[in-house]
Amino acid sequence: MMKSWLQIGSLIFMLGFACATQDTRQDSTPSLTSAQMRDDFAYLRDTWAPLDKSFSADERQSFMSIVEESIARADTFTPSEFALEVSRAVAVSGNGHT
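Residues numbered from 1 in each chain as written. Predicted model: local features only at pLDDT ≥ 70, side-chain atom pairs only at ≥ 80, totals over all residues. Heavy atoms only, no water.

Enquirer: Can you help me understand the environment of Ser62 in this one?
Expert: On the secondary structure map, Ser62 appears in helix H3 (residues 57-73). Judged by its relative accessible area of 36%, Ser62 is partly exposed. Sequence separation between Ser62 and Ala89 is 27 residues; the distance between their C-alpha atoms is 8.0 Å. (Helix = DSSP H or I, 4+ residues; strand = E, 2+ residues; numbered from the N terminus. Buried < 20%, exposed > 50% of the residue type's maximum accessible area, 1.4 Å probe, protein only.)

Enquirer: Help me understand the environment of Leu32, please; the structure alone is not making it clear to me.
Expert: Mapped onto the fold, Leu32 is located in the loop between helix H1 (5-20) and helix H2 (34-48). When its relative accessible area of 36% is taken as the criterion, Leu32 is described as partly exposed.

Enquirer: What is the right way to look at the side chain of Ser93 in this model?
Expert: Along the chain, Ser93 turns up in the segment after helix H4 (79-90). On the basis of relative accessibility, which here comes to 8%, the residue Ser93 falls in the buried class. A distance of 3.2 Å separates a polar atom in the side chain of Ser93 from the backbone nitrogen of Asn95. (Polar contact = N/O pair within 3.5 Å; in protein donor to acceptor, adjacent residues only side chain to side chain.)

This is the structure in structure tokens:
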């Protein structure tokens, strides 16, 4: 099933807005470590995904592939890239409420 350009455009706009409005000041809050990112991806895979019923079988397989690839690449992610990969994974189902 083809996703509408409006849905794709909305997602791109929201992600762009989130990145553009990100506070660039340095503060005392540490960034996520690679281990924490891997833990978050594992939680997404092991706890969240089984509860979300909006994935078709093919979409669930795509979701799992994205998550597994992201776990393997977590050492290379900036916080923004981490957020984008999480967003990309959950958007696979096309469910705007997820």
